[in-house]
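Breakdown of the fold
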Amino acid sequence: MLSRVANSVYWMGRYIERIENYARFMSVNINLSYDLPGVITDHWKVLLEATHDRQVYDTLYGDDSEEKIIEFITFDSLNPNSIYSMLGNARENVRTVKEVVPKEFWESINKFYLGFKNYTFNSHHDTASMMEFYDGIKQQCQFLTGMLDACLTRNEAYYFFTMGKFIERADKTSRFLDIGYFNFKTVSDTRHVNSQDLLIWAAVLKSVSAFNMYRQQYKSLKQDNIIEFLVKDRYFPRAICHSIKKAEYALYRISGSRPQNGYRNRAEKSISELNHCIDFTETSEIMGTGLHSFLNDFQIKNNEVDSEIYKVYFDPGTIGWQAQG
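Residues numbered from 1 in each chain as written. Predicted model: local features only at pLDDT ≥ 70, side-chain atom pairs only at ≥ 80, totals over all residues. Heavy atoms only, no water.

1. A closer look at the packing of helix α12 (residues 240–255) against helix α15 (residues 291–314)
Packing of α12 against α15 leaves a shortest axis separation of 13 Å and a crossing angle of 15 degrees. Comparing the axis directions of α12 and α15 gives the class roughly parallel. For the pair α12 and α15, the crossing hand works out as left-handed. Contacts from I240, I244, L251, I254 and S255 of α12 reach α15 at L295, F298, N302, I309 and Y313. Taken together, the residues of the contact of α12 with α15 break down into eight nonpolar, two polar and no charged. (Axes fitted to C-alpha atoms, helices over the stretch in contact; angles between N-to-C directions. Helix = DSSP H or I, 4+ residues; strand = E, 2+ residues; numbered from the N terminus. Parallel < 35°, antiparallel > 145°, perpendicular 65-115°, else oblique. Left-handed = near helix turned anticlockwise from the far one by under 90°. Contact = heavy atoms within 4.5 Å. Nonpolar A, V, L, I, M, F, W, Y, C, P; charged D, E, K, R; others polar.)

2. Notes on the packing of aromatic side chains
Geometry of an aromatic ring pair is reported as the spacing of the ring centres plus the angle between the planes. Across all of its chains, the model carries 22 aromatic pairs by this definition. An angle of 45 degrees between the planes, with centres 5.7 Å apart, marks the rings of F160 and F314 as tilted. A residue pair is termed long-range when its members are at least 10 positions apart, and F160 in helix α8 (residues 156–187) and F314 in helix α15 qualify at 154 residues. Residue F160 shares its accessibility class with F314, and that shared class is buried. (Phe/Tyr/Trp six-rings, centres within 6.5 Å; stacked < 30°, edge-to-face > 60°. Buried < 20%, exposed > 50% of the residue type's maximum accessible area, 1.4 Å probe, protein only.)

3. Description of the nonpolar core
I137, L177, L230 and I309 are the most contacted members of the largest nonpolar core, which has 96 residues in total. Considering each element in turn, this core owes the most residues, 13 residues, to helix α1 (residues 3–35). Discounting chain neighbours no more than four positions away, the residues touching L230 are T173, L177, V204, L205, V208, A210, F236, A239 and I240. (Core = buried A, V, L, I, M, F, W, Y, C linked by side-chain atoms within 4.5 Å.)

4. Details of a nonpolar patch on the surface
A contiguous nonpolar surface patch, about 310 Å² in accessible area, is contributed by V56, L60, Y61 and L78. Considering the arrangement of structural elements, one finds V56 in helix α3 (residues 54–60). V56 gets classed as partly exposed once you look at its relative accessible area, which sits at 31%. (Patch = residues over 30% accessible without salt bridge, like charges linked within 9 Å, V, L, I, M, F, W, Y side chains within 5 Å. Areas by Shrake-Rupley, 256 points an atom, 1.4 Å probe, with all protein chains shown as cover. Salt bridge = Lys/Arg side-chain N within 4 Å of Asp/Glu carboxyl O.)

5. Focus on the side chain of S85
Position of S85 among the secondary structure elements: in helix α5 (residues 83–96). Not counting residues within four places of it along the chain, the set of residues in contact with S85 comprises D76, S77, N79 and P80.

6. Thoughts on the confidence of the model for the protein chain
The predicted coordinates of low-pLDDT regions are not to be read in fine detail. Per-residue confidence for the protein chain gives a mean pLDDT of 88; residues scoring 70 or more make up 88%. This model gives residues 186–191 a pLDDT under 50, and the stretch forms ten contacts once residues within four places in sequence are excluded. (pLDDT = per-residue confidence, 0-100.)

7. Structural notes on the pattern of salt bridges
Summed over the entire model, instances satisfying the criterion amount to 22 salt bridges. A salt bridge links R14 to D306, with the nearest nitrogen and oxygen atoms 3.0 Å apart. With R14 in helix α1 and D306 in helix α15, this residue pair connects regions lying 292 residues apart in the sequence. Overall, the relative accessible area of 4% leaves R14 in the buried class. Its salt-bridge partner being E308, residue R266 comes within 3.6 Å of it at the nearest N-O pair. Residue R266 is located in helix α13 (residues 266–279), and its partner E308 is located in helix α15; the two are separated by 42 residues in the primary sequence. Given the relative accessible area of 54%, R266 is considered exposed. Among the residues examined, E308 registers a relative accessible area of 12% and is labelled buried. Each of R14, R18, E168, D171, K172, R175 and D306 takes part in a single network of salt bridges with overlapping partners.

8. Brief notes about unusual backbone geometry
Although it is not a glycine, H52 sits at a positive phi angle of roughly 60 degrees. As for its placement among the helices and strands, H52 is situated in the loop between α2 (43–50) and α3. For H52, a relative accessible area of 57% corresponds to the exposed category. Phi angles above zero are rare outside glycine, and S209 is one such case at about 55 degrees. In this fold, S209 is placed in the loop between α9 (195–207) and α10 (211–217).

9. Concerning the packing of α12 against α13
The interhelical angle for the contact between α12 and α13, taken along N-to-C directions, is 155 degrees, at an axis separation of 10 Å. By the angle between their directions, the pair α12 and α13 is classed as roughly antiparallel. Helix-helix and strand crossings are classified by hand; for α12 and α13 the assignment is left-handed. Where α12 approaches α13, its residues I240, C241, I244, K245, A247, E248, L251, Y252 and S255 are matched on the opposing element by A267, E268, I271, S272, L274, N275, I278 and D279.

Structure, rendered in structure tokens:
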């Protein structure tokens, strides 16, 4: 497989996962703003911080109104991280590698893009309409990833796609949790949990579709338990631990090796180190050093994994790599 094709498939996975997560950001924040009007200050600006788009937004607009931020994150063509821009990038990546994905996949993402491009969105719509809109985006993304899971041969293309999807998912789960942590601190002291706190932590879980799965394991909403579940759980598909393990497995499959046999390149080394870091860091240690500090460190290391993957597999100057088979 050419490095250009591998890069396109990898970013195809990242973009589709990122679009779904941005839709989750928006729908949960809209719902929370109506549940707790005026309680959580600057909650829309927090989204800009989470997506690292605050500087771009301030340069272009500087207007912190809810309507403008919704439009910026969702439709703005000047924002390279808007859902519209990312969907266009995902579509273009698929277009350049149509020979390695099912025909129906290209047709579906092209239809998704054209429908989104022609959609007339009004941020003044009622809550139900806005929630339905973002739920539709999530469902489209899940349909696309489900199609590849059902129809794509388990070859290098599949593992590059899977690796990109789970690296992106781990990053975004950490950002959901980080936002929830700061919102929680602004509402009340952690020692005196009230109904507002419960709504906020329930929103954190719902943002990653974890509420029901969490309640199967824990009887009540507690900060430590939520952190344990979203960071350390090996079996919940959107937990950081599970996501990194899936990404690690996919990365090693590309080289034909296994983690237990040792790494073959710096990309494998970096992702295995990150996996072990999550495995051997207890929740009590996370709370002791500070959740934000831990999550920030994780995001830096996760970005380093992405950088090493680029150097090993995508850099035009890389010599000697070719896919198995």
